[in-house]
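Chains, contacts and geometry: an overview
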Amino acid sequence: MSDGIERATEGFVSAFGSAPEGVWSAPGRVNLIGEHTDYNEGFVLPFAIDRRTVAALAQRDDSLLRVASSFTDEVAEIDLRSLTADAVSGWSAYPLGVAWALSAYGADLASAPGADIYIDSDVPVGAGLSSSAAIESSVALALDEVWELGLSRETLAKVGQKAENEAVGAPTGIMDQSASLLGREDAAVFLDCRSLDAEVVPLGFREAGLELVIIDTNVKHEHSTGGYASRRASCERGAAAFEVPSLRYLSVDDLDRAQQILDDETFRRVRHVVTENQRVLDTVRTLREQGPRAIGALLDASHVSMRDDFEISVPELDLAVETAQANGAIGARMTGGGFGGAAIALTPAELVADLTTAVVDAFAAKEYAVPAIFVVNAAEGARRDR
Ligand code: ADP
Ligand code: MG
């Protein structure tokens, strides 16, 4: 981690010619359980990971906002006085969009001083670990401090979401930013997407000798946009049939009736969301009462539900999950939106090496693309580092 601080500081100096006044960072996240429940106002249980995006910043005497990143040679700049959601594009829409979104929460862009910001990151981009929330949250925390806004972390999560929805143009929920801002070491963030109440839930992976293995299939299917939209539409149809605002208002007791009044496909979509919400609640209770070694069956059941009811898995994800389960994982599931991306496998530390070999071999035997396999730890959320 201190490497990231050094790299961001050095990058800042070479991009802008002087030293930063401070360094802030925010982590990526992985979702332990609770998939496609966020937009149904349900429950999710993500945790912040030990991969971080670092933002080095110095204020300026004028009203210019400049951003540079180790990811790209393109330095973007805009005058704060003319900053709007439509005035930003490309990668810089994330950090500049955050500055714009802060104006809805008390920042006065007509008088705020400008800043130079340099971004360095070891969060893989586009792997489902939310590099986007990491960049948003690091910049939001930095600007909140130097502009003396005093916003809560819950509010900064809304700022990041607003930037992503309106400046970037991606219709995402608030899970990623909440995890990145509220995360704690060896703990998850239990988020109620209806009330936005967030609670830190200790995971106890370390004491139990467990590692969370990410298996990134490197598969990105074209269906993801259309598939996501059609799943959302099915959920809305199901809620409408019950005359409730969202599927959050249904419980497993409603599933018999759902089967009677819905077509088979809509019923299975609804069953995924309703049972997944219950699995998040069960996971939180199990972690508290029995510890992490007892949550494996819930992770496995989540995968089956996404594969068979929500139908968002792909053969590579199924192979990753099945191979992990057969080689020591106590529970495994695909994570993220589906149609590609990564699986997670909760695995006793001493079995991680064998599991990794087994998955690599299984992918090779099917001539699938080589997966990226690595361990992540639940880490502290956004913070000032220097
Ligand atoms: P994910 O959040 O799953 O990694 P997204 O598509 O939501 O994927 O966000 C990735 C985008 O965020 C990148 O394409 C880039 O525009 C921006 N981004 C993330 N991290 C950085 C970074 N360190 N430097 C510049 N841009 C970044
Ligand atoms: Mg993202």
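Procedures and definitions
Residues numbered from 1 in each chain as written. Chains lettered and ligands numbered in written order. Predicted model: local features only at pLDDT ≥ 70, side-chain atom pairs only at ≥ 80, totals over all residues. Heavy atoms only, no water. Helix = DSSP H or I, 4+ residues; strand = E, 2+ residues; numbered from the N terminus. Buried < 20%, exposed > 50% of the residue type's maximum accessible area, 1.4 Å probe, protein only. Lys, Arg positive; Asp, Glu negative; His and termini not counted. Salt bridge = Lys/Arg side-chain N within 4 Å of Asp/Glu carboxyl O. Contact = heavy atoms within 4.5 Å. Pairing = 2+ DSSP bridges. Phe/Tyr/Trp six-rings, centres within 6.5 Å; stacked < 30°, edge-to-face > 60°.

1. Some details on the side chain of Glu164
Within the secondary structure, Glu164 is located in helix H4 (residues 153-168). One buried charge, Glu164, has no salt-bridge partner; the nearest side chain with opposite charge is Arg29, at 8.6 Å. If near-sequence neighbours (up to four positions away) are discounted, Glu164 is found in contact with Tyr94, Ser132, Glu136, Gly169, Ala170, Thr172 and Gln177.

2. Considerations on the pairing of strand E11 (residues 340-348)
Extensive coverage of E11 is indicated by the burial of 8 of its 9 residues. Two strands pair when backbone bridges link them, and strand E9 (residues 210-220) and E11 are joined in this way by 8 bridges, in the antiparallel orientation. Within E11, the residue paired with Ile214 across the bridge is Ile344. The sheet contact formed by strand E10 (residues 331-334) and E11 spans 4 bridges and is antiparallel.

3. Some words on the packing of aromatic side chains
Going through the model one piece at a time under the given rule, you end up with 5 aromatic pairs. Ring plane angle 85° and centroid distance 6.3 Å describe the contact between Phe47 and Phe205, whose orientation is recorded as edge-to-face. Of the two residues, Phe47 is situated in strand E3 (residues 46-59) and Phe205 in the loop between strand E8 (198-202) and E9; the sequence distance between them amounts to 158 residues. Both residues of the pair, Phe47 and Phe205, count as buried. Ring geometry for Phe363 against Tyr368: centres 5.6 Å apart, planes inclined by 80°, an arrangement best described as edge-to-face.

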